[in-house]
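# Secondary and tertiary structure notes
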Amino acid sequence: MDKQNIPQHIAIIMDGNGRWAKRRLLPRAAGHKAGVASLKAVLKACAELGVKYLTVYAFSTENWGRPREEVDFLMNLFAQSIDREIDELVKSGVRLQFLGRIHKFSDQLQTKMREAMEKTKDGERITLNVMVNYGGRAELVDAANDIIINSPHLNVGNITETLISEHLYTKGMPDPDLLIRTANEMRVSNFLLWQIAYAEIYVTETLWPDFRKKELAAAIEGYQKRERRFGKLQ
Ligand code: IPE
Ligand code: IPE
Ligand code: MG
């Protein structure tokens, strides 16, 4: 791996928890639980490699359509993982952000998420964006509404790419260089629609609970072999 060419920002669609559990004849919940361990391992590896932003898809605006039992399990898992990991995150310099329409969650979970963001806000080693109740389309709608609230007297021509970027949940961060999707699905599923305009996409058959440091290294090595052109000729 070329240590001089590490992506600054990696985004991951963490997929395949259910299939991982099914293969082991376990309930889907077991797959989600194992997925948390993968996230810990990948976050640590990213920090060690010098990746500055890691953005992971944890719950989509469409995931409300899953059985009530699974949704409830995921909400509890978020709360429990915050409680278990917060001290370690602070210690290791991680700035944790929960991005998405978090006001739709229970008051208790919202408070936990906001407290976790507050406690880790000075983390300088790496930013971990956990996208929850996140949809790329919802984010763009929220950005448009936010623009009107902040500048009700805008004129035609005032809307620029910079202005829109500055109103996304990811404001102030560089766009992802590398988008990883596990479990072999060749789709974007409403993730970071604006920000992945020029991301390199890496899809692997590995299921998220099996994706650890070694698989991350393979994804980065794959990325390093790509020629990024941004529409231009070399
Ligand atoms: C990803 O794994 C986790 C979430 C969407 C919360 P899935 O639960 O989608 O697992 P599969 O796709 O059914 O295997
Ligand atoms: C995308 O995975 C959402 C998350 C990883 C949180 P899904 O499993 O929900 O996506 P689809 O349904 O396969 O497109
Ligand atoms: Mg899935």
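Everything numeric here is computed off the predicted structure, so don't read it as measured data.

### Observations concerning the sheet that holds strand β2 (residues 53-60)
- One open sheet accounts for six strands, arranged β3-β4-β2-β1-β5-β6; its pairing is parallel. Strands at the two margins of the open sheet, each flanked by one partner only, are β3 (94-99) and β6 (200-203). This sheet shows a mean twist of 20° between the axes of neighbouring strands, independent of strand direction.
- Relative to β6, strand β5 (residues 178-181) runs parallel, the two sharing four bridges. For leucine 178, the partnering residue across the bridge sits in β6 and is glutamate 200.
- Strands in contact with helix α4 (residues 107-119) are β3 and β4 (126-134); relative to β3, the strand with the most contacts, it is inclined by about 150°.

### Here's the deal with the nonpolar core
- Counting residues in hydrophobic clusters, the biggest one holds 44 residues, and the most contacted among them are Ile10, Leu54 and Phe98.
- If you tally residues by element for this core, the top one is helix α3 (residues 68-91), at eight residues.

### Re the pairing of β5
- Taking every second residue as pointing to the same face, both faces of β5 are buried, with Leu178 and Ile180 on one and Leu179 and Arg181 on the other.
- Here strand β1 (residues 9-13) pairs with β5 via four bridges, running parallel. Across the sheet, isoleucine 13 pairs through a bridge with arginine 181, a residue of β5.

### Re the packing of α3 against α4
- α4 packs onto α3 with a crossing angle of 20° between their chain directions and a minimal axis gap of 10 Å. With respect to α4, the axis of α3 lies roughly parallel. In terms of crossing hand, the pair formed by α3 and α4 is left-handed. Along the contact surface, α3 presents Met75, Phe78, Ala79, Ile82, Asp83, Ile86 and Val90, while α4 presents Leu109, Lys112, Met113, Ala116 and Lys119.
- Of the residues in the contact of α3 with α4, the class split is nine nonpolar, no polar and three charged.

### Regarding the pattern of salt bridges
- As enumerated under the stated definition, the model contains 17 salt bridges in all.
- For the salt bridge of aspartate 15 with arginine 181, the shortest nitrogen-to-oxygen distance reads 2.8 Å. Here aspartate 15, found in the loop between β1 and α1 (17-23), pairs with arginine 181, found in strand β5; they are 166 residues apart in sequence, far enough to count as distant.
- Of the residues examined, aspartate 15 reaches a relative accessible area of 17% and is grouped as buried.
- Here lysine 40 ties to glutamate 85 by a salt bridge, and the two come within 3.4 Å at their closest N and O atoms. Placement of the pair is lysine 40 in helix α2 (residues 28-49) and glutamate 85 in helix α3, with a sequence separation of 45 residues.
- Classification of lysine 40 by relative accessible area gives partly exposed; the value is 44%.

### As for helix α7 (residues 213-224)
- Over its twelve residues, α7 runs 16 Å from end to end, which matches the ideal 16 Å to within 8%, given 1.5 Å per residue.
- All of the buried residues in α7 are Glu215, Leu216, Ala219, Ile220, Tyr223 and Gln224.
- Against β1, α2, β5 and β6 lie the buried residues of α7.

Calculation criteria
Residues numbered from 1 in each chain as written. Chains lettered and ligands numbered in written order. Predicted model: local features only at pLDDT ≥ 70, side-chain atom pairs only at ≥ 80, totals over all residues. Heavy atoms only, no water. Pairing = 2+ DSSP bridges. Helix = DSSP H or I, 4+ residues; strand = E, 2+ residues; numbered from the N terminus. Axes fitted to C-alpha atoms, helices over the stretch in contact; angles between N-to-C directions. Contact = heavy atoms within 4.5 Å. Core = buried A, V, L, I, M, F, W, Y, C linked by side-chain atoms within 4.5 Å. Buried < 20%, exposed > 50% of the residue type's maximum accessible area, 1.4 Å probe, protein only. Parallel < 35°, antiparallel > 145°, perpendicular 65-115°, else oblique. Left-handed = near helix turned anticlockwise from the far one by under 90°. Nonpolar A, V, L, I, M, F, W, Y, C, P; charged D, E, K, R; others polar. Salt bridge = Lys/Arg side-chain N within 4 Å of Asp/Glu carboxyl O. Expected span 1.5 Å × (residues − 1).

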